[in-house]
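For reference, the chains in residue letters:
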Amino acid sequence: IESGKFTLQPESVLLNELVKDSMVLNRAFADRFGVELQLRDEAPDTTVNADRKRLLQVMTNLISNAAKFSPKGGRVDVGIAQSDGMVTVTVEDRGPGIPAEFRSRIFSRFAQADSAYTRQKGGTGLGLAICKRLIELMDGSVGFRDRPGGGTVFFFELPLLQQPATAS
Ligand code: ADP
């Protein structure tokens, strides 16, 4: 990605289906942490112009982080919402949250919150940096915010694909 040689294979993707697929694919991983994945809000018929495989990669990273940092027996809520020509996918956990001093670096390469807790959870600190670049290549953006009541909401936003008018 950094060398600019990486190209996407964009196609019209039904986001609702892709998000559900990503939850099925990551269920076994979440089970290992005793974490339940739940789809809370849906946006049926929402289509985006995206690289299916790479978007699944982004979802896998967000869901696996959310599961990894959840308390045992916790729940991760996934949601899809659409407004103003954009669609937002949220992945919400009830974990420890993102430490203040780490927030500005979280999407940088090899960034991990420097604590025994994170080291114990493993990982490379590359996942979110890759997610950010992939989503930006799809003309979208990524971010996170604190979850009221504790935990973190990671999200990405993508432009909706204009549906061609059906010929009558
Ligand atoms: P990795 O998970 O491989 O370390 P990421 O780039 O996906 O790499 O995440 C970087 C760091 O951001 C993690 O090591 C962790 O410190 C923090 N982080 C990511 N997601 C969460 C989350 N849902 N809750 C708390 N901390 C998180």
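Here the structure is shown first, and the text comes after it.
Everything in this summary refers to the structure shown in the same document. (Residues numbered from 1 in each chain as written. Predicted model: local features only at pLDDT ≥ 70, side-chain atom pairs only at ≥ 80, totals over all residues. Heavy atoms only, no water.)

## Brief notes about the packing of helix 1 (residues 15–32) against helix 2 (residues 52–68)
And step 1. Closest axis-to-axis distance for the helix 1/helix 2 pair is 9 Å, and the angle between their directions is 45°. Between helix 1 and helix 2, the angle falls in the class oblique. Considering the relative orientation of helix 1 and helix 2, their crossing is right-handed. Two secondary-structure elements touch here, helix 1 through L15, L18, V19, D21, S22, M23, L25, N26, F29 and A30 and helix 2 through R52, L55, L56, M59, T60, I63, S64, A67 and K68. (Axes fitted to C-alpha atoms, helices over the stretch in contact; angles between N-to-C directions. Helix = DSSP H or I, 4+ residues; strand = E, 2+ residues; numbered from the N terminus. Parallel < 35°, antiparallel > 145°, perpendicular 65-115°, else oblique. Left-handed = near helix turned anticlockwise from the far one by under 90°. Contact = heavy atoms within 4.5 Å.)

## Quick look at the site of the ligand
And step 1. Lining the immediate environment of the ligand, one finds 20 residues, of which N65, D93, Q112, T124 and L128 sit closest.
And step 2. N65 places a side-chain nitrogen or oxygen 2.8 Å from an oxygen atom of the ligand.
And step 3. Against a free-state accessible area of 530 Å², the protein chains account for coverage of 97% of the ligand.
And step 4. Going through the elements one at a time, helix 2 and helix 4 (127–137) are the ones with two or more residues in the shell around the ligand. (Near = heavy atom within 4 Å. Polar contact = N/O pair within 3.5 Å; in protein donor to acceptor, adjacent residues only side chain to side chain. Areas by Shrake-Rupley, 256 points an atom, 1.4 Å probe, with all protein chains shown as cover.)

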